[in-house]
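Here is how the chains run, residue by residue.
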Amino acid sequence: MLTLLVAFPEFVSGKAFTQPSRIVALGDLHGDYQRAISILQSAKIVDSKNRWIGGDTFLVLTGDFLDRGTDVRKVMDLLMELEKKAPKSGGRVLVLLGNHEMMNLIGDLRYVTPEIYATFTDGKSEKRQEKAYQEFLKTSQREAKKMGLPKQEDTPAFRLEWMESHPVGYVEYREALGPKGRYGRWIRKLPVVVMLGDTVFVHGGIHPKLVNYSLDEMNERIEKERKAFDSWVKFFTDEGIIQPYYLVNDMIAALRKRYDWLASSSPSHGSNGDDWTSSLSSKEQYQVKLMKAFFNMGAWLSVHPDGPLWFRGYGTWSEEEGTAQLAKVLAAQGAEYMVVGHTIAAEKEILRLLGGKVFLIDTIEPAA
């Protein structure tokens, strides 16, 4: 869940950043605000009032500050505040994107708890929840009528199921992390990977199959994927097919129904490959194009198991295999070391592995 690594000036060349006195790296906070404060205070990064006292220290967060723990909002507020204050003393706070941040951005909320949603509530939250439920029914029923499918009835059982998967605070949480939300705007600016001098920092790790990608190219590709997802959600929301707060599985289900209906409506479907769309209107052809891209999201670098947000090889490979594979990656980036979170160290302590070239800094088994 949370760890500390202090690396000294030899890790930093000073070419891209002012030479700091040290680097402190934290991995996988997962909403554990109290433990984060404890470590930052003991590392002399913040004082007893959580004010920056780290001087020119560089604080690197290797992603996964969302989900599981209750205080994700307080953690984000802290990081955003320190990010603004550190440069006044010559320091920097570099927060990276983790797989849990990406999951939240695309509506995969399996690790967001009702307790987390509750921290985003106010006096109007129950009304917003009810409004969202009614909008869900209206949208799904309208789509069902259009396609000649059975409509979803407003039954007590369905209402209960929906309310349990969209607790009070859910709507506010989605809005806060959305493209226009305070936290959503900030998260969408976070890089996936950074390099300080001769050390690469990344949440999961860089798979050897990405050896031909520069770090900038990895950041740019995942940024492009994030932007594409947001634009698709807006388009299909404007088309009335989904709502922006849908869970990603609900989005896929709604789009799949519309896709199948369009395909079945085409007289040439099944005989001319992709040419079956020629009988559709230009708007429908565009819908089909975006739906196909949406269905192929699993190939994206941002969600692929071998992508830099998800890869676990450096913590699971044998010493022999991992050392050889890591050498290729480091050589390609002109780096000497890599610091990663995501993969929990079996010994529950920071590990320096693979010839001393990689640091695993996620050490505490998270709560279920």
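No experiment lies behind these values; they were computed from the predicted model shown.

What follows concerns the environment of Ala263. Secondary-structure assignment places Ala263 in helix α10 (residues 248–265). Taking the C-alpha atoms as reference points, Ala263 and Leu280, 17 residues apart in sequence, are found 9.2 Å from one another.

Turning our eyes to something else, we now look at the environment of Leu354. Tracing the sequence through the fold places Leu354 in the loop between β8 (351–353) and β9 (358–362). Between the C-alpha atom of Leu354 and that of Ser318, which follows or precedes it by 36 residues, the distance is 8.5 Å. Setting aside residues no more than four positions away along its own chain, Leu354 makes contact with Tyr314, Ser318, Glu319, Gly322, Thr323 and Leu326.

Another point: α10. Compared with an ideal rise of 1.5 Å per residue, which puts 18 residues at 26 Å, α10 spans 26 Å between its outermost C-alpha atoms and is within 8% of the ideal. Among all positions of α10, only Val248, Met251, Ala254, Leu255, Arg258, Tyr259, Leu262 and Ala263 are buried. Those residues of α10 hidden inside the fold are in contact with α5 (125–147), α7 (170–176), α9 (215–238) and α11 (282–295).

β9 sits mainly inside the fold: 5 of its 5 residues count as buried. Alternating positions in β9 separate into two faces, Val358, Leu360 and Asp362 on one and Phe359 and Ile361 on the other, with burial throughout. For strand β7 (residues 337–344) and β9, the ladder comprises 4 bridges, and the chain directions are parallel. Within β9, the residue paired with Val340 across the bridge is Leu360.

Here Thr57 shows up in the loop between α1 (33–42) and β3 (58–61). Engagement of the side chain of Thr57 in a polar contact is seen with the side chain of Arg22, the distance being 3.1 Å. Of note is the side chain of Thr57, whose polar atom sits 2.7 Å from the backbone oxygen of Gly54.

The rules we used
Residues numbered from 1 in each chain as written. Predicted model: local features only at pLDDT ≥ 70, side-chain atom pairs only at ≥ 80, totals over all residues. Heavy atoms only, no water. Helix = DSSP H or I, 4+ residues; strand = E, 2+ residues; numbered from the N terminus. Contact = heavy atoms within 4.5 Å. Expected span 1.5 Å × (residues − 1). Buried < 20%, exposed > 50% of the residue type's maximum accessible area, 1.4 Å probe, protein only. Pairing = 2+ DSSP bridges. Polar contact = N/O pair within 3.5 Å; in protein donor to acceptor, adjacent residues only side chain to side chain.

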